[in-house]
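Residues per chain are reported as follows:
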Amino acid sequence: MVGGFRWAAMFPDEVWEHVFSFLPADADRNAAALVCRAWYRIERRSRWRVFVGNCYAVEPAAAVRRFPEVRAAAIKGKPHFADFNLVPSDWGGGAEAWVEAMVEGWPHLEELRLKRMVVSDDCLELIARCFKNFKVLSLVSCEGFSTAGLAAIAANCRNLRELDLHENEVEDNCLHWMSHFPESFASLVTLNIACLEERLVGLLHRVPQLVDLGTGKFAAQHHPELFSKLESAIAGCKNLKSLSGFWEAGPTYLPAIYSVCEGLTSLNLSYATIQGPELIKLISWCKNLQRLWVMDLIEDDGLIAVAASCKLLQELRVFPSDPYGAAQPISLTEHGLVAISAGCPMLHSVLYFCRQMTNAALLTVAKNCPNFTCFRLCIMEPHTPDYITRQPLDAGFSAIVESCKHLRRLSLSGLLTDLVFKSIGASANCLEMLSVAFAGDGDAGLHYILSGCKNLRKLEIRDCPFGDKPLLDNAAKLETMRSLWMSSCSVTLGACRQLARKMPLLNVEVINERKRGLPLELQPDNCPVEKLYIYRTVAGPRSDTPSCVWILR
Amino acid sequence: MGDQSNSPSSSIDSSSSHPALCSTSSIFQTRRDLLSTDLKLGLGLSTSALHGCSSKEREQLSHWPPIKPLLRSTLEEKVHRSHSKTFFVKVYMEGLPIGRKLDLFSHSGYDSLTRTLRRMFRTTIICPDTSRVPPEKAHVLTYEDKEGDWMMVGDVPWELFLRTVKRLKITRADKC
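Residues numbered from 1 in each chain as written. Chains lettered and ligands numbered in written order. Predicted model: local features only at pLDDT ≥ 70, side-chain atom pairs only at ≥ 80, totals over all residues. Heavy atoms only, no water.

- An unreviewed UniProt entry annotates chain B as Auxin-responsive protein of Musa acuminata subsp. malaccensis.
- According to the UniProt record, the Subcellular location (unreviewed entry) comment for chain B is "Nucleus". (UniProt positions renumbered as here; feature names shortened; annotations may be inferred.)

- Per an unreviewed UniProt entry, the recorded name for chain A is F-box domain-containing protein, and the organism is Musa acuminata subsp. malaccensis.

Next comes the structure, spelled out in structure tokens:
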């Protein structure tokens, strides 16, 4: 063998670039870059897709400098619990620093996906003006922009292929922003604007090649004529594979979209208050459905019907129509979940909101679906036990993690003791993200997780009796993870200070809204921490913290 | 709600008293009591600015179950639109023998309710969590719930409040 790593020079750079293009994951490319200086140089110049899971983990300029040829970037900002209003609105996650750096260093950027970030109209205008070959814009759960900014995108990005704007808070100040789209818009394949009210009919006639359509709020009783026009426009989109929207259509209108149902692989009815029987009829036409998001109005009977007709189903999400338990109880129980697990052999991802569960049902689900990659169960009343045996649901969730060896994401709920965490720590070897609320007995629970779960990347905890000890005992683990969120637990400021001193590569952010603006130095060690967000970073402490956030070093 | 330091800490070896039976339910009971105790104390010590936030934020304090804002606001809108029903409750102001009646279903939240009551009774109804000393003429809003207890308005999500409220009373701020 040739001495040192000079064998790298035996092939021209282009050959190595071609080899690297077969590496499936960024982690593999990262590993290749560590082999020798030549590979580091070649790899960085040929990486064209980057994913930044935490916008504060690295300086934008540093990322842009290292990978000069990037064409596609995805960046995430706020912690996941921001979706449930647990993160103060001024916490951070602004996109300007990133957009400015990208405009400077990646003028050929074609694709930008931002999640949970604050994006201003100025950012959108920069994007629209500076990226000449821009093809894909996806803003999910973002805020800070208005339809005026979207008008700039529509007017300038002539090659736009995908515009995905779901779950954003958008100020609607430019009523006809969509009229800025070009007359003949042959490139648009995905349009998902489920956060806005807009008349789509005209646009749909210009984009018959559309594959993915998400509509805005649509109340049929207010616009019956418009609705039927929309339906005929939808029927004209022969390639339609994915449909989502705020369907408040009555039973009379639904049959008009039966013609596209057979081609649909993805159907999102999570904002639709269509009742059980109509839902069943609609879904029975969708034989090729792979992804279904629906309200719990579908009830157990509806899920049994889905299990019978949608044999290709891979992902199911069932959302609560009545989260505060006010109206008539819905007949959606553990039986629906069991039916789906039995009838859909390709099912691997579930999000299920319900009010009752049993260990027996979870054991059955675990046996039926050993291929789960994502299992999120939300029993809406905290601390709910198995309703038949009155036992905690430890056994059920343990069965899930023991059976589903490829489980990457798990959300727990119901009455749970430290025992469930013992099982998770020991068995969940592929687990990357864990969400815990109102569970556990004490420190041991958290210790089991942090000392096990070798692939854990994100841990988010609320309202659990976990304190300082497991954090300090497992400080090193935190550097192997992307982030940890803990709110309404039993952590003290003193422990956070110790942790920050011990681990220089972590940003330890303490969020205390009650003590907004008060000086950190004067707070005693035993001061309880409301919310804690810890993440690894090579960028050091950020400079845009609001008055309710202290960064400990 | 945040401070759980009073809950019993468990040792790693919990095999001696397996939590599955009565001790689990007692933990369950204790935590529940803690939650309700915390809420009551929070109401009583109104001058300590425990929350220091608007009534809109107080509505969403518990942020549970975990559903996204878009879904939450869509469901709230549906609740209001589907209501051809009304829900009138009696409202009394301390010192006035004659009460009024108010349709709670015609209001979208606490802000809307307080505004209407201020107009009806011509008094300032203060947010009980401000640390400023309330002026002489100010009042706070309380309600009687299904269990017969008198509670400060504004601590639970609006939808939950609508389910439990029986009637309202405007009392002098210095009494609370």
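Further notes follow.
1. Points about the UniProt feature "domain: F-box" (unreviewed entry) in chain A
Move 1: Mapped onto this numbering, the UniProt entry annotates "domain: F-box" (unreviewed entry) at residues 11–52 of chain A.
Move 2: Counted over residues 11–52 of chain A, helix gives 62% and strand 10%. Its end C-alpha atoms are 31 Å apart. (Helix = DSSP H or I, 4+ residues; strand = E, 2+ residues; numbered from the N terminus.)

2. Thoughts on the sheet that holds strand 3 (residues 139–145) of chain B
The pairing of strands in a sheet comes from backbone hydrogen bonds and takes either a parallel or an antiparallel form.
Residue and element names in this part refer to chain B.
Move 1: Read from one edge of the open sheet, five strands run 2-1-5-3-4, paired in mixed fashion. The sheet is open, and its two edges are formed by strand 2 (100–103) and strand 4 (150–152), each paired on a single side. Looking at each pair of strands side by side, their axes are set apart by 35° on average, direction ignored.
Move 2: When strand 3 meets strand 5 (residues 165–172), the two strands line up antiparallel, connected through seven bridges. (Pairing = 2+ DSSP bridges. Axes fitted to C-alpha atoms, helices over the stretch in contact; angles between N-to-C directions.)

3. Observations concerning the nonpolar core
Move 1: A:Met102, A:Trp177, A:Phe375 and A:Ile424 are the most contacted members of the largest nonpolar core, which totals 169 residues.
Move 2: Setting aside residues no more than four positions away along its own chain, A:Ile424 makes contact with A:Val401, A:Leu410, A:Leu412, A:Leu431, A:Leu434, A:Ile449 and A:Cys453. (Core = buried A, V, L, I, M, F, W, Y, C linked by side-chain atoms within 4.5 Å. Buried < 20%, exposed > 50% of the residue type's maximum accessible area, 1.4 Å probe, protein only. Contact = heavy atoms within 4.5 Å.)

4. Overview of empty space enclosed by the protein
All names here are of chain A.
Move 1: Summed over the entire model, instances satisfying the criterion amount to four cavities of 30 Å³ or more.
Move 2: Approximately 180 Å³ is the volume found for the largest cavity.
Move 3: Pro79, His80, Lys458, Ser483 and Tyr533 are, among the 17 residues lining the largest cavity, the residues nearest its centre.
Move 4: Contributing elements (two or more residues each) for the lining of the largest cavity: strand 18 (458–462) and strand 19 (483–487).
Move 5: Broken down by element, the lining of the largest cavity gets its largest block of residues, three residues, from strand 18. (1 Å grid on protein atoms, 1.4 Å probe; cavity = no way out; pocket = protein on both sides within 12 Å on 5 of 7 lines; lining within 4 Å. Points joined across faces, edges and corners; volume = space filled by probe spheres on them.)

5. Details of the pairing of strand 19 of chain A
Regular strands show a simple pattern: their side chains alternate between the two faces of the sheet.
Residues and elements named next belong to chain A.
Move 1: Burial analysis of strand 19 places five of its five residues in the buried class, the great majority of the element.
Move 2: Both faces of strand 19 are covered, namely the face carrying Ser483, Trp485 and Ser487 and the face carrying Leu484 and Met486.
Move 3: Here strand 18 runs beside strand 19; their pairing, made up of five bridges, is parallel. Bridged to arginine 462 within strand 19 is serine 487.
Move 4: As judged from the five bridges shared by strand 19 and strand 21 (residues 531–536), these two strands associate in the antiparallel manner. Considered in strand 21, the bridge of methionine 486 is made with leucine 532.

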